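Structure assessment
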There are 2 protein chains.
Amino acid sequence: MSVFSPLVENLITELAKLPGIGKKTAQRLAFHLLEQPPERAEALAQAIQEAKAKTELCSLCCNLSDSDPCPICADPKRDHSTICVLESAKDVNAMERTSAYHGLYHVLHGVISPLKNIGPEDIKLQELIVRLQADEKVQEVILACNPSPEGEATSLYIARLLKPAGIKVTRLASGLPAGGELDFVDELTLGQAIEGRREV
Amino acid sequence: MSVFSPLVENLITELAKLPGIGKKTAQRLAFHLLEQPPERAEALAQAIQEAKAKTELCSLCCNLSDSDPCPICADPKRDHSTICVLESAKDVNAMERTSAYHGLYHVLHGVISPLKNIGPEDIKLQELIVRLQADEKVQEVILACNPSPEGEATSLYIARLLKPAGIKVTRLASGLPAGGELDFVDELTLGQAIEGRREV
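Here we take up the overall build of chain A. The secondary structure content of chain A amounts to 8 helices and 6 strands. Counting from the amino terminus, chain A carries its helices and strands in the arrangement α-α-α-β-β-α-β-α-β-α-β-α-β-α. For a compact globule of 200 residues, the expected C-alpha radius of gyration is about 16 Å, and chain A comes in at 21 Å, more than 25% above that figure. Counting only C-alpha atoms and orienting by the principal axes, one finds that chain A spans roughly 65 × 45 × 35 Å. For chain A, the proportion of contacts with a sequence separation of at least 24, taken over those separated by at least 6, is 47%. For chain A, the accessible area works out to roughly 11200 Å², and carbon and sulfur atoms hold 55% of it.

This is the structure we're talking about:
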């Protein structure tokens, strides 16, 4: 039995649809918004509408952007011979923060997952193939899906697809995270670190 | 260094202003919204705008409502001789869920907190006094602020204010929570449970 007005109830329901936001948190957020000055709530509503209305996928790399091609694809100073393949648009930011990569990106917007009924045609893979066929400058594709089972499977699938075309396909190194301790690292990671050991 | 478009950056900033939502969660929510069909994001934006535009405070009990007086104050079947004083509008729902209370409410929208520079004039206390002076039917005021130091102090302040007017002032019982275990209950709660023991 709820005594919230239908409008408040609707706001709570909409907020609770966000990932990681349960009914209780949604209530807290809703009441926070209702107790704020009107311009604060309006700012959030407008930010959602504008971001949604004006961002689109870059026709080259499928990254979210408000221009097409996106600033990264349009930047002549970046290395156009390397494409880093990522699962999601937010991973682009993670890569950029490292300042260790200066090539282009390709965002898949998902990974192949037979369990969730997501096949190669449901992610932006076809776009990558078309892009590679059209652009002869590309010499290396770096596969940087998350090291989850689905991510690994997707990487393998793409690698098999691209190898015959003679493009160099690499993937991110697996091993110990910086600041980690051997004692606390899981067996799989430590095993990969041993396997991928490098001469010093 | 961020590579998000300014609109996405703005959406993340606005989301991060919500309570309990950090930069990282805000990013996750923003990308979730951007990856959804447009009508989903629009539904959230509209829910915020409508709830904000059309809910107001009930002129009697200061509860958030889309009508004035609110459905509870307007309900002739409720006990108009009892007013339960609450800290926040979401506490009304908590009280209603119990089905144990059938009187009216008064929402303070805050508690007295000298440390946060919130005095009696900053909460809806004056409205309660005016209401009690205008309405002679009220026989009991139940103080139901949270059992925090600020809540306790506010209860005490209100009790001292109302006692001279000859209104019965009560407060919620303190004691063991249902399903709790003596061994795990803190000393203060157990002390209050002993003090408030009742004959069986």
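Okay, back to it.
Let's shift gears to the relation of the copies chain A and chain B. Once turned by 180° and shifted 0.1 Å along the axis, chain A lies on chain B with an RMSD of 0.1 Å. Taken together, the rotation angle and the small translation identify this as a two-fold axis. Across chain A, the rotation axis passes nearest the C-alpha of Ala45(A), at a separation of 2.2 Å. When the interface residues of chain A are mapped onto chain B, 98% of them again fall at the interface, so both copies present the same face.

Turning next to the environment of Lys17(B). Considering the arrangement of structural elements, one finds Lys17(B) in the loop between α1 (6–16) and α2 (23–35). For Lys17(B), a relative accessible area of 41% gives the class partly exposed. Contacts of Lys17(B), omitting those with residues within four sequence positions, involve His32(A) and Arg40(A).

Another aspect to go through is the sheet that holds strand β6 (residues 168–171) of chain B. Residues and elements named next belong to chain B. With parallel pairing, 4 strands are arranged side by side in an open sheet as β4-β3-β5-β6. The open sheet is flanked by β4 (103–107) and β6, the only strands paired with a single partner. With direction set aside, neighbouring strand axes in the sheet form an average angle of 25°. Sheet topology places strand β5 (residues 140–143) next to β6; 4 bridges connect them, and they run parallel. Across the sheet, Glu 140 pairs through a bridge with Lys 168, a residue of β6. Here helix α5 (residues 89–98) sits on the sheet in contact with β3 (79–86) and β4, set at roughly 155° to β4.

Before going further, it helps to spend a moment on the sheet that holds strand β6 (residues 168–171) of chain A. Think of a sheet as strands paired side by side through backbone hydrogen bonds, with each pair either parallel or antiparallel. Residue and element names in this part refer to chain A. The strand order β4-β3-β5-β6 describes an open sheet built from 4 strands, whose pairing is parallel. What marks the edges here is a single partner per strand, and that holds for β4 (103–107) and β6. Pairwise comparison of adjacent strand axes, ignoring direction, gives a mean angle of 25° for this sheet. In this structure, strand β3 (residues 79–86) lies alongside β4, joined through 5 bridges in parallel fashion. Looking at β4, one finds that Leu 86 is bridged to Val 107. Along the sheet face, helix α6 (residues 125–134) touches β3, β4 and β5 (140–143) and points at about 145° away from the line of β4. Helix-sheet contacts for helix α7 (residues 149–162) involve β3, β5 and β6, and the interaxial angle to β5 is about 165°.

Next up on the list: unusual backbone geometry. Put simply, Asp68(A) and Pro69(A) share a cis peptide bond, and its omega is 0°. Take Pro69(A): it is sitting in the loop between β2 (64–65) and α4 (71–74). A positive phi is found at His109(B), a non-glycine position, where the angle reads about 55°. Topologically, His109(B) is positioned in the loop between β4 and α6 (125–134). Take His109(B): its relative accessible area is 21%, and that puts it in the partly exposed class.

Ile48(A) and Ile48(B) are the most contacted members of the largest nonpolar core, which totals 112 residues. Apart from residues lying up to four places away in sequence, Ile48(A) is in contact with Leu11(B), Leu33(B), Ala41(B), Leu44(B), Ala45(B) and Ile48(B).

What counts, and where the lines are drawn
Residues numbered from 1 in each chain as written. Chains lettered and ligands numbered in written order. Predicted model: local features only at pLDDT ≥ 70, side-chain atom pairs only at ≥ 80, totals over all residues. Heavy atoms only, no water. Helix = DSSP H or I, 4+ residues; strand = E, 2+ residues; numbered from the N terminus. Rg over C-alpha atoms; globule rule 2.2 N^0.38 Å. Contact = heavy atoms within 4.5 Å. Areas by Shrake-Rupley, 256 points an atom, 1.4 Å probe, with all protein chains shown as cover. Least-squares fit on C-alpha atoms with pLDDT ≥ 70 in both. Buried < 20%, exposed > 50% of the residue type's maximum accessible area, 1.4 Å probe, protein only. Pairing = 2+ DSSP bridges. Axes fitted to C-alpha atoms, helices over the stretch in contact; angles between N-to-C directions. Core = buried A, V, L, I, M, F, W, Y, C linked by side-chain atoms within 4.5 Å.

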